[in-house]
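What follows is the residue order along each chain.
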Amino acid sequence: MRMIFKAFTKKLFGRKYERLTQMLFIHLIVFWGLSISGFRTRIAPPVLYLTVTAVTAGVMWQALSSKDITAQIQHMLMLPFGQRNFVFSYTAALGLYAILTKTVTVLAILLAVSSWGFIEIVSCSLCAMQAVLMASAIFCLRRRHAAILWAACVPAAIVCLWAHPWFMLLPAANSIVSFFLLWHADGYSFCLIEQKNRRNMAGRNHHSVWLYLFRYLRAHKNYLTNTVVLWCIACVLPLFFQQMDIAFVLPIGFAILSLNTPICILLSCDPASEQAVRFLPGQTKAFCVPYCLFIFLCNAIADMIFLCSMQIQIGGVTVPIIATAFLFALQSAVFSILLEWFFPIRGWKIESDLWHHPRKYLVPAVMLLAYIAASSI
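Cut-offs used in this document
- Residues numbered from 1 in each chain as written.
- Predicted model: local features only at pLDDT ≥ 70, side-chain atom pairs only at ≥ 80, totals over all residues.
- Heavy atoms only, no water.
- Helix = DSSP H or I, 4+ residues; strand = E, 2+ residues; numbered from the N terminus.
- Buried < 20%, exposed > 50% of the residue type's maximum accessible area, 1.4 Å probe, protein only.
- Contact = heavy atoms within 4.5 Å.
- Areas by Shrake-Rupley, 256 points an atom, 1.4 Å probe, with all protein chains shown as cover.
- pLDDT = per-residue confidence, 0-100.
- Axes fitted to C-alpha atoms, helices over the stretch in contact; angles between N-to-C directions.
- Parallel < 35°, antiparallel > 145°, perpendicular 65-115°, else oblique.
- Nonpolar A, V, L, I, M, F, W, Y, C, P; charged D, E, K, R; others polar.
- Core = buried A, V, L, I, M, F, W, Y, C linked by side-chain atoms within 4.5 Å.
- Arc of directions from axis to C-beta.
- Salt bridge = Lys/Arg side-chain N within 4 Å of Asp/Glu carboxyl O.
- Phe/Tyr/Trp six-rings, centres within 6.5 Å; stacked < 30°, edge-to-face > 60°.
- Patch = residues over 30% accessible without salt bridge, like charges linked within 9 Å, V, L, I, M, F, W, Y side chains within 5 Å.
- Lys, Arg positive; Asp, Glu negative; His and termini not counted.
- Charge placed at Lys NZ, Arg CZ, Asp CG, Glu CD.
- Expected span 1.5 Å × (residues − 1).

Engineer: I tried to follow the overall build of the protein chain on my own but got confused; where do I start?
Structural biologist: Within the protein chain, the regular secondary structure consists of 17 helices and zero strands. Within the protein chain, the proportion of its 377 residues that are buried is 42%. Long-range contacts, defined here as pairs at least 24 residues apart, represent 85% of the contacts in the protein chain between residues at least 6 apart. Accessible area for the protein chain stands at about 20500 Å²; split by element, carbon and sulfur atoms hold 71% of it.

Engineer: Would you take a moment to explain the confidence of the model for the protein chain for this structure?
Structural biologist: Where the model shows low pLDDT, its predicted coordinates should not be examined in detail. On average, the protein chain scores 80 in pLDDT, and the residues at 70 or more come to 88%. Mean pLDDT across the secondary structure elements of the protein chain bottoms out at helix α4 (residues 67-76), with 67, and peaks at helix α8 (residues 169-183), with 89. Here residues 194-206 scores under 50 on pLDDT; set against residues more than four positions off or in separate chains, the count is nine contacts.

Engineer: Please clarify how the packing of helix α2 (residues 18-37) against helix α5 (residues 83-112) should be interpreted in this entry.
Structural biologist: Packed helices, taken two at a time, are described by the angle between their axes plus the distance between the axes. Where α2 meets α5, the closest approach of the two axes is 8 Å, and the angle between their N-to-C directions is 10°. In terms of orientation, α2 and α5 fall into the roughly parallel class. Mapping the contact onto sequence places Arg19, Leu20, Met23, His27, Val30, Phe31, Leu34 and Ser35 in α2 and Tyr97, Leu100, Thr101, Lys102, Val104, Thr105, Ala108, Ile109, Leu111 and Ala112 in α5. Residues of the contact of α2 with α5, tallied by class, amount to twelve nonpolar, four polar and two charged.

Engineer: Is there a simple way to explain the nonpolar core in this structure?
Structural biologist: The tendency in soluble globular proteins is for nonpolar side chains to be buried as a group. Counting residues in each nonpolar core, the largest one holds 43 residues, and the members touching the most others are Leu182 and Phe190. Those elements that provide at least two residues to this core are α1 (2-13), α3 (45-64), α5, α6 (118-141) and α7 (144-161). The contacts of Leu182, once residues within four sequence positions are left out, are Val87, Phe88, Thr91, Leu133, Ser136, Ala137, Cys140 and Phe190. Listed in part, the 26 residues of the second largest apolar core include Leu217, Cys269, Tyr291 and Leu354.

Engineer: Explain helix α9 (residues 209-219) here, please?
Structural biologist: Each α-helix winds once per 3.6 residues, and so residues spaced three or four apart point in a common direction. Here α9 has its buried residues at Val209, Leu213, Tyr216 and Leu217. Taken down its axis, α9 places every buried residue within 95° of arc, on the same side.

Engineer: What am I meant to see in the pattern of salt bridges here?
Structural biologist: What the rule picks out here adds up to one salt bridge. Arg359 is the salt-bridge partner of Glu340, the closest N and O atoms lying 2.7 Å from each other. Here Arg359 lies in the loop between α16 (351-355) and α17 (362-376) and Glu340 lies in helix α15 (residues 319-342), a separation of 19 residues in the sequence. Judged by relative accessible area, which is 0%, Glu340 ranks as buried.

Engineer: Help me out: how do you make sense of the packing of aromatic side chains in this one?
Structural biologist: Each aromatic ring pair is characterised by the separation of its centres together with the angle its planes make. Scanning all chains against the criterion turns up eleven aromatic pairs. Here Trp61 and Phe139 contribute two aromatic rings whose centre-to-centre distance is 5.2 Å and whose plane-to-plane angle is 75°, an arrangement assigned as edge-to-face. Pair noted here: Trp61 is in helix α3 and Phe139 is in helix α6, with a separation of 78 residues, a long-range link. A relative accessible area of 4% places Phe139 in the buried class. Measuring from centroid to centroid gives 6.3 Å for Phe296 and Phe326, while their planes differ by 45°, and the two rings are tilted.

Engineer: Where do I start with a positive patch on the surface in this structure?
Structural biologist: Among the surface-exposed residues, Arg2, Lys6, Lys10, Arg15 and Lys16 lie close enough to one another that they form a single positively charged patch. Its place among the elements puts Lys10 in helix α1.

Engineer: I would appreciate a short explanation of α8 in the present structure.
Structural biologist: With 15 residues, α8 should cover 21 Å at 1.5 Å per step; its first-to-last C-alpha distance of 21 Å lies within 8% of that length. What α8 keeps buried is the set Pro171, Asn174, Ser175, Ser178 and Leu182. Buried residues along α8 cover an arc of 100° about the axis, so they all sit on one side.

This is the structure in structure tokens:
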């Protein structure tokens, strides 16, 4: 079991765990810097527990869905390992990755600007543990309806029962249930089975970048889910902007909706496709132009949903504002393509590293600064 655990942790954190050391150092700097800044705010315990649970479960699910680590699983399962040892070693390694690289970052920020005690720390730890085990158990079960019901009950229970003195028994019991489900799982439950496209393409005598992009999204349901979630956020964003000036909130809304990270990293997350695109002649135009229009389409749909929701709830949407939305979406797409073509992300371990890479904030920041500079002229 120890050997399997070390094999996965070395892949996730580096051969000498150098990435883990760097992340912990960054967490300490962030916590210390925010603590001495003097900024304080009140964060309700259920918000803290929900944030820890959602972040940990989300990162854990992304790690479990990574094609790169699935290939390593298939290779390791060819060796004579015990199934339970493999399942819990794999779950523990990915759980440590999710908690130490992402959850601790969020906790460092939240705890540095709020008041907390021993109960909050223990409850957050239990929530993180239940998120790791529950995400792994749901991933192994592959029963959609049961998974949705289970995932919906946990945040509802946190919101309703957090004030009770026995609240900590809730994540502990959930962790025990998940543990027993994993006890009966096997290593092959973590392997993703790629769906083969059964369409007959014999009659197609030319390539289509658009067809490739849509098929890629269809094969990666989590990318589509992220896009749909972003469109849902576009519907509710005006609720937070009702008391603000529309000229001030529009660029903020457009910037938030341009954070469709998985759509903007299709080359970085697939090195084989990137190598093929760069190797073939004329691909700067043949691939990048359709890819740019594809990102523009995704951004424009999100911005139009945002403006329609704003018109219904607040009003004041005019033709110049609509034109600004299309311009913002186009410029964001162009900048995203330039970053992906000239500065692709290298050295990542699993796809979750790509989703949370700091580069994703570069395009919204540049667009906000450009909007402010254009407005001040």
